[in-house]
Amino acid sequence: FTTTSGRVGVTTNARRLERAAAASTPSSVRGKRRITPTAVSAQPTEKAVDAGKDTTDPLLLRAARGEKVERVPVWMMRQAGRHIKEYRDLVQKHPTFRERSETPELSTEISLQPWRNYKTDGVILFSDILTPLPGMGIDFTIEEKAGPKIPPMRTWDSMKKMHPIDPEKACPFVGQTLNELRGVVGNEATVLGFVGCPYTLATYMVEGKTSKEYLEIKKMAFLEPKLLHAMLKSLADSIGDYANYQVDSGAQVIQVFDSWAGHLSPKDYDTFAAPYQRMVIEKIKAVHPEVPVIIYINKSGALLERMATSGVDIVSLDWTVTVPEARKRIGDDIGIQGNLDPAILHGDHATIKERTEEILRDGGGRNHVMNLGHGIDAGTPEDNAAFFIDTVKNFRF
Ligand SMILES: Cc1c2[nH]c(c1CCC(=O)O)Cc1[nH]c(c(CCC(=O)O)c1C)Cc1[nH]c(c(CCC(=O)O)c1C)Cc1[nH]c(c(C)c1CCC(=O)O)C2
């Protein structure tokens, strides 16, 4: 694949768009594009599509397209949620995660909290990677302490209840929230949608909960690979449709999380994770070639080259590699997101500033979106999160 070419900015973007256009059938597919009722007022999406490079578009969106920008944009993974006191107060009144994430008024308010408090360049939908599962016939609950719970699916019989998603029917609250967010933030920030990739979703379905060793899904991979492949394929089809529904409803960038794929050996990653990531990404690019896609995997230091060839526009780094190391390995043409260790936000301001600016200098201000290397820790002082965002916004080369 491509290595350092020295071509940056608009040229890179033009090439990306060419590649994306070649991989799709724009007019016929767009003609059939599903415009949902909630998407009707989301006009800016259409404008961005048609205008291509539009300087009135928000900073993060332009940077994610590979355009030259006036400063590096910044947001934080898992920024909406538990590290914010306003959110924890809201949890008292609305105790279940599903209520908070499936009621548009609540999820809109929670999505906006970090934007109002810190003026982040990105506003991410408050939801979860598991949110679309009931729409595929798989129910889940989230226990505040223990996390997600799903009746484990380990047999062909358990697969019988799985069916393709109809996102508009299954998750209208997601469409409404995204549409509302676009209306509120206008061009002042970029609205991000997100999905979980099939392998990571399957870890929750097969294990039934969060896991450390992933032994049940690995047993399935080695004892009943056909069953796991059937599950992953079914997930990929639905998740691709669900991601497109988010874009139709107003999401301007999509981040795909394959958080736990870093636990696989290279051979198993290539067998059980990569092909299904690609199916999701191709499904998005076939309908929305202009929408930047970001991929995140935890403990992904060994996987950078594989992530860069998944069809995405941006590789989100965890903190186990430096930006220059990543650049050497994946070239200058692809975007990089990250990669401050979230634990550094527990440090003092001098340390936060030093480590943040080091990454910004390493990123060179091109094809770079500043972020953490994983989600913000729940115990992070809000003042430190604010200081991190300000540090990035005040930095100049
Ligand atoms: C705790 C948990 C949930 N769901 C999940 C967990 C992790 C459990 C584990 O370690 O195995 C699974 C999950 N959810 C999300 C991911 C991918 C990101 C990652 O690697 O952390 C993963 C792996 C995205 C998310 N999950 C959530 C968002 C919200 C948007 C954001 O702020 O980024 C995203 C992108 C929100 C979420 N999701 C959940 C809660 C209770 C909350 C809100 C409170 C909070 O934890 O901040 C349930």
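Our subject is the structure that appears above.
Residues numbered from 1 in each chain as written. Predicted model: local features only at pLDDT ≥ 70, side-chain atom pairs only at ≥ 80, totals over all residues. Heavy atoms only, no water.

1. Focus: the site of the ligand
Phase 1: In the neighbourhood of the ligand, 22 residues make up the surrounding shell, with Arg78, Asp128, Tyr204, Thr210 and Ser259 lying closest.
Phase 2: Taking Ala80, its main chain carries an N or O atom lying 2.7 Å from an oxygen atom of the ligand.
Phase 3: In the environment of the ligand, an oxygen atom lies 2.6 Å from a nitrogen or oxygen atom belonging to the side chain of Tyr204.
Phase 4: Against a free-state accessible area of 860 Å², the protein chains account for coverage of 90% of the ligand.
Phase 5: When grouped by side-chain class, the residues that make up the shell around the ligand number 13 nonpolar, six polar and three charged. (Near = heavy atom within 4 Å. Polar contact = N/O pair within 3.5 Å; in protein donor to acceptor, adjacent residues only side chain to side chain. Areas by Shrake-Rupley, 256 points an atom, 1.4 Å probe, with all protein chains shown as cover. Nonpolar A, V, L, I, M, F, W, Y, C, P; charged D, E, K, R; others polar.)

2. Points about the pattern of salt bridges
Phase 1: For the coordinates displayed, the defined rule picks out 22 salt bridges.
Phase 2: Where Arg65 meets Asp57, a salt bridge forms, and the shortest distance between an N and an O atom there is 2.7 Å.
Phase 3: Look at Asp57 and you get buried, because its relative accessible area is 6%.
Phase 4: Taking the shortest distance from any N to any O, the salt bridge between Glu102 and Arg98 comes out at 2.8 Å. Placement of the pair is Glu102 and Arg98 together in helix 6 (residues 97-102), with a separation of four residues, close to one helical turn.
Phase 5: What emerges from the salt-bridge pattern is a single network uniting Asp57, Arg65 and Glu67. (Salt bridge = Lys/Arg side-chain N within 4 Å of Asp/Glu carboxyl O. Buried < 20%, exposed > 50% of the residue type's maximum accessible area, 1.4 Å probe, protein only. Helix = DSSP H or I, 4+ residues; strand = E, 2+ residues; numbered from the N terminus.)

3. Thoughts on helix 10 (residues 172-185)
Phase 1: An ideal rise of 1.5 Å per residue puts 20 Å on 14 residues; helix 10 measures up with 20 Å between its terminal C-alpha atoms.
Phase 2: Considered for burial, the residues of helix 10 that qualify are Phe173, Val174, Gly175, Thr177, Leu178, Asn179, Leu181, Arg182 and Val185.
Phase 3: Just beyond helix 10, the residue with positive phi is Gly186, at close to 50°. (Expected span 1.5 Å × (residues − 1).)

4. So, the packing of aromatic side chains
Phase 1: Tallying each qualifying case throughout the model produces six aromatic pairs.
Phase 2: For the pair Phe257 and Tyr296, a centre-to-centre distance of 6.1 Å together with 65° between the ring planes defines the contact as edge-to-face. Of this pair, Phe257 sits in strand 5 (residues 253-257) while Tyr296 sits in strand 6 (residues 293-296), and the two are 39 residues apart along the sequence. This pair shows no difference in class: Phe257 is buried, exactly as Tyr296 is.
Phase 3: Pairwise contacts between aromatic rings join Tyr87, Phe97 and Phe126 into one cluster.
Phase 4: It is Arg98 that lies over the ring of Phe140; its NZ or CZ is 4.5 Å from the centre.
Phase 5: Over the ring of Trp115 we find Lys119, and its NZ or CZ is 3.8 Å from the ring centre. (Phe/Tyr/Trp six-rings, centres within 6.5 Å; stacked < 30°, edge-to-face > 60°. Lys NZ or Arg CZ within 6 Å of the ring centre and 35° of its normal.)

5. Brief notes about the sheet that holds strand 6
Phase 1: Sheet architecture is open: seven strands sit in the order 1-4-5-6-7-8-9, paired in parallel fashion. The open sheet is flanked by strand 1 (122-124) and strand 9 (368-369), the only strands paired with a single partner.
Phase 2: Of the strand pairs in this sheet, strand 6 and strand 7 (residues 314-316) are connected by three bridges, and their pairing is parallel. Bridge pairing in strand 7 links Ile294 to Ile314.
Phase 3: Helix-sheet contacts for helix 16 (residues 323-330) involve strand 7 and strand 8 (335-337), and the interaxial angle to strand 8 is about 150°. (Pairing = 2+ DSSP bridges. Contact = heavy atoms within 4.5 Å. Axes fitted to C-alpha atoms, helices over the stretch in contact; angles between N-to-C directions.)

6. Quick look at the pairing of strand 5
The side chains of a regular strand alternate between both faces of the sheet.
Phase 1: Strand 5 sits mainly inside the fold: five of its five residues count as buried.
Phase 2: Judged by which residues are buried, strand 5 turns out to be covered on both faces: Val253, Gln255 and Phe257 on one side and Ile254 and Val256 on the other are all buried.
Phase 3: Pairing of strand 4 (residues 190-196) with strand 5 involves five bridges; the strand directions are parallel. Bridge assignment links Val195 to a residue of strand 5, and that residue is Val256.
Phase 4: Across four bridges, the pairing between strand 5 and strand 6 is parallel. The partner of Val256 across the bridge, within strand 6, is Ile295.

7. Some words on helix 14 (residues 266-287)
Phase 1: An ideal rise of 1.5 Å per residue puts 32 Å on 22 residues; helix 14 measures up with 30 Å between its terminal C-alpha atoms.
Phase 2: Along helix 14, the sharpest kink reaches roughly 35°, centred on Ala273 and followed within four residues by the proline Pro275. (Bend = angle between axes of the 7 residues up to and from the residue.)

8. Here's the deal with the nonpolar core
General note: in soluble globular proteins, nonpolar side chains tend to be found buried as a group.
Phase 1: With 117 residues, the main nonpolar core has Val315 and Phe388 as its most contacted residues.
Phase 2: Broken down by element, the residue count for this core peaks at 10 residues, all from helix 13 (residues 225-248).
Phase 3: Leaving out residues up to four positions away in the same chain, Phe388 has contacts with Val74, Met76, Leu340, Leu345, Ile352, Thr356, Met370, Asn371 and Leu372. (Core = buried A, V, L, I, M, F, W, Y, C linked by side-chain atoms within 4.5 Å.)

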